[in-house]
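# Structural features, examined
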Amino acid sequence: MPELPEVETVRRGLAPAMEGAMVDAVDAKRPDLRFPLPLDFTKQLAGRTVTQLGRRAKYLIIDFDQGPSLICHLGMSGSFRVEADGDQQTPGSFHHERSKAAAHDHVIFHLTSADGARSRIVYNDPRRFGFMLMADRPLEHPMLAELGIEPVGNSLNGPALASLLKGKKTPLKAALLDQTLIAGLGNIYVSEALWRAGLSPRRSAGSIVHAGGTATHRAEALAAAIRAVIADAILAGGSSLRDYVHADGSLGYFQHSFAVYDREGEACPKPGCAGHVKRIVQSGRSTFYCPACQR
DNA sequence: AGTAGAACCTGAGCGC
DNA sequence: TGCGCTCAGGTTCTAC
């Protein structure tokens, strides 16, 4: 599930429940995530108050009033959900799934908010590719220090993209997935952005840069497409979340408006294009694109 | 420099 | 009902 827009959606969903709340206890039911949880993980967090939830690329960063920050990565299948402690589990009740202890609930944060309300933040991750780290200066942690430019805001423009891709012979798709160049794109949104920009995932990354290193119209179009697809996805995710963070991303998820991702064989949705979506494999992962309008 | 493949894990979907 | 196979939103490692 989680690329940058999903992580941002999670951040926005968790913030109201977590910011200003104190950690009463942390229950590490299954500490062997991708990396083992820090040894004194639960002890360190108890008694501290959350000041702010941040995000860098696909990393969620939780700051406290004291001590190191908590860095969370959701891997392929990680998710958080918020449960009010007042939610009683009633068998067969309408909200059954929300308060039920599910399989693969690995870490549970028990919180008390400033107004005294108690809640649980539950981390669920079937595949356990996700992980949590502690760091005094999270942005300087080795796993975050080399991350590239954020594809939100205005910083990712034609010239910035051109300087990143200049001279690169690797396929454009691979370059866009490289987190040290652009931080936060994943397999879905790379396909979507390339379709919007009308660019083939197979062309070399450097081919959309002028010899002198300046941006071509293709680079300008791609930068705009990346920003737009990320912004649209955040909007779509945000609209599906109000009072809680859903567990599996199925509700209102952006997949309902994918143009090419997972649409092999379907007609290209671009008006006037007679092409059909093709699936190819690049560096071991599926790429979806329209050979007719993406050149 | 580039790419392929495997690894880490579990679950869903499909053909038989 | 079940078995075996492929695939999955990420990242990191080794090997040609």
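Attention in this report is confined to the structure presented alongside it. The structure presented is a predicted model; accordingly, all values stated were derived computationally and were not measured.

## Regarding the protein's contact with DNA strand B
- Near DNA strand B, the surroundings consist of H104, P126, R127, R128, F129, K168, K169, T170, P171 and S283.
- Atoms of DNA strand B within 4 Å of the protein belong to the sugar or the phosphate in 66% of instances, the rest to bases.
- The contact in question runs from a phosphate oxygen of DNA strand B to an N or O atom on the backbone of K169, over 2.8 Å.
- At 3.0 Å, a side-chain N or O of T170 approaches a sugar or linking oxygen of DNA strand B.
- Of the residues that constitute the surface near DNA strand B, the class distribution is 3 nonpolar, 3 polar and 4 charged.

## Focus: the packing of aromatic side chains
- With the rule as written, the count across this model stands at 7 aromatic pairs.
- Here Y59 and F131 contribute two aromatic rings whose centre-to-centre distance is 6.2 Å and whose plane-to-plane angle is 65 degrees, an arrangement assigned as edge-to-face. Of the two residues, Y59 sits in strand β3 (residues 59-64) while F131 sits in strand β8 (residues 131-135), which places them 72 residues apart along the sequence.
- Both rings, one in F80 and one in Y123, keep their centres 5.1 Å apart while their planes meet at 55 degrees; by these two values the pair is tilted. With F80 in strand β5 (residues 79-84) and Y123 in strand β7 (residues 118-124), this pair connects stretches of sequence that are 43 residues apart.
- For F80, a relative accessible area of 2% puts it in the buried group.
- Residue classification places Y123 among the buried residues on the basis of a relative accessible area of 1%.
- Geometry around F64 places R48 over its ring, the cationic atom sitting 4.3 Å from the centre.

Quick notes on the rules
- Residues numbered from 1 in each chain as written.
- Chains lettered and ligands numbered in written order.
- Predicted model: local features only at pLDDT ≥ 70, side-chain atom pairs only at ≥ 80, totals over all residues.
- Heavy atoms only, no water.
- Near = heavy atom within 4 Å.
- Polar contact = N/O pair within 3.5 Å; in protein donor to acceptor, adjacent residues only side chain to side chain.
- Nonpolar A, V, L, I, M, F, W, Y, C, P; charged D, E, K, R; others polar.
- Phe/Tyr/Trp six-rings, centres within 6.5 Å; stacked < 30°, edge-to-face > 60°.
- Helix = DSSP H or I, 4+ residues; strand = E, 2+ residues; numbered from the N terminus.
- Buried < 20%, exposed > 50% of the residue type's maximum accessible area, 1.4 Å probe, protein only.
- Lys NZ or Arg CZ within 6 Å of the ring centre and 35° of its normal.

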